[in-house]
Amino acid sequence: MSRSEGRRRTDRAEGDLREGRGGLLQAYELFVTVPLLCFLAFEISQDPSAFIGWSNLLPIIVWIVAIMVVDLMPVPMAMSFDFSLSFPLELSVALLYPPPIAAVIVLLGSADAREFRGQVPPLTAVFVRAQIALAVLAESQVFHGLADLDALLRQLELDRRR
């Protein structure tokens, strides 16, 4: 058997493996994505005023656009590895906003250039965004469970006045 025949057989075996896992992989992507989207829809329906109104909506849109711009900026690296610098922005959103709002901002703002080129299936693109949103949801929940940023700022202001 020649090398090229061996490569073709290996490629075909890997392709068959990917095709066989397609249904299971899609089920997993749905298993992660659908509950998050349902949770966020429920949270928005419970307190739509947190999302609607120019005083709330404009900063949310600015954060979404900022995260998207940073995600889509190419970062030159020696290796062929996709890398993004949006983590500090996502962390800032997690600290500044309640968990559901932070998750919505990151879900809508996270972007991958491959999505726009059609190289990533839509379900996979939403799944990747959902993973990032879940991480930010958890970060925000932990932070807001341990600290109250508004109370901390008020205390700092009181200490400064003394």
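Structure: above.
Below is a short write-up of the structure. (Residues numbered from 1 in each chain as written. Predicted model: local features only at pLDDT ≥ 70, side-chain atom pairs only at ≥ 80, totals over all residues. Heavy atoms only, no water.)

Moving on to the packing of aromatic side chains. With the rule as written, the count across this model stands at one aromatic pair. Ring centres of Tyr-28 and Phe-127 lie 5.6 Å apart, and the angle between their planes is 65 degrees; this geometry places the pair in the edge-to-face category. Taken together, the residues Tyr-28 in helix α1 (residues 3–46) and Phe-127 in helix α6 (residues 122–146) connect sequence positions 99 residues apart. Residue Tyr-28 is classed as partly exposed on the basis of its relative accessible area of 46%. (Phe/Tyr/Trp six-rings, centres within 6.5 Å; stacked < 30°, edge-to-face > 60°. Helix = DSSP H or I, 4+ residues; strand = E, 2+ residues; numbered from the N terminus. Buried < 20%, exposed > 50% of the residue type's maximum accessible area, 1.4 Å probe, protein only.)

Right, let's talk about the nonpolar core for a bit. Counting residues in hydrophobic clusters, the biggest one holds 22 residues, and the most contacted among them are Leu-36, Leu-40, Ile-60, Val-93, Tyr-97, Ile-101 and Ile-105. Broken down by secondary-structure element, the contributors of at least two residues to this core are α1, α2 (54–72), α3 (87–96), α4 (99–109) and α6. With seven residues, the top contributor of residues to this core is α4. When near neighbours in sequence (up to four residues on either side) are disregarded, Tyr-97 contacts Pro-59, Ile-60, Trp-63, Ala-102, Ile-105, Ser-140 and His-144. (Core = buried A, V, L, I, M, F, W, Y, C linked by side-chain atoms within 4.5 Å. Contact = heavy atoms within 4.5 Å.)

The next thing to look at is the pattern of salt bridges. Summed over the entire model, instances satisfying the criterion amount to four salt bridges. The shortest N-O distance in the salt bridge between Arg-129 and Glu-115 comes to 2.9 Å. Pair noted here: Arg-129 is in helix α6 and Glu-115 is in helix α5 (residues 113–117), with a separation of 14 residues, a long-range link. Judged by relative accessible area, which is 15%, Arg-129 ranks as buried. Looking at Glu-115, the relative accessible area reads 22%, which means it is partly exposed. Notably, a salt bridge pairs Arg-160 with Glu-157, separated by 2.6 Å at the nearest N-O pair. Note that Arg-160 and Glu-157 are positioned in helix α7 (residues 149–161) at a spacing of three residues, about one turn of the helix. Arg-160 sits in the exposed class, given a relative accessible area of 64%. (Salt bridge = Lys/Arg side-chain N within 4 Å of Asp/Glu carboxyl O.)

Inspection of the secondary structure puts Ser-110 in the loop between α4 and α5. A distance of 2.6 Å separates the side chain of Ser-110 from the backbone oxygen of Val-106, its partner in a polar contact. (Polar contact = N/O pair within 3.5 Å; in protein donor to acceptor, adjacent residues only side chain to side chain.)

Quick look at the side chain of Asp-71 now. Position of Asp-71 relative to the elements: it lies in helix α2. Buried charge Asp-71 goes without a salt bridge, the closest partner of opposite sign being Arg-129 at 7.4 Å. One polar contact links Asp-71 to Ser-86, side chain to side chain, over a distance of 2.7 Å. The residues contacting Asp-71, other than those within four sequence positions of it, are Ser-84, Ser-86, Glu-90, Gly-109, Ser-110 and Ala-111. (Lys, Arg positive; Asp, Glu negative; His and termini not counted.)

A separate point is α4. Of all 11 residues in α4, 10 are buried, a share of seventy percent or more. For α4, the complete set of buried residues consists of Pro-99, Pro-100, Ile-101, Ala-102, Ala-103, Val-104, Ile-105, Val-106, Leu-107 and Gly-109.

Two packed helices can be described by the angle between their axes and the distance between those axes. Put simply, α3 and α6 touch, their axes get as near as 8 Å, and they point 45 degrees apart. Comparing their axes, α6 and α3 come out oblique. α6 is crossed by α3, and the crossing has right-handed handedness. Taking contact as the criterion, the partners of Phe-87, Glu-90, Leu-91, Ala-94 and Leu-95 in α3 are, on α6, Ile-132, Val-136, Glu-139, Ser-140, Phe-143 and His-144. (Axes fitted to C-alpha atoms, helices over the stretch in contact; angles between N-to-C directions. Parallel < 35°, antiparallel > 145°, perpendicular 65-115°, else oblique. Left-handed = near helix turned anticlockwise from the far one by under 90°.)

Take it as geometry only, folks, not as evidence of what the structure does.
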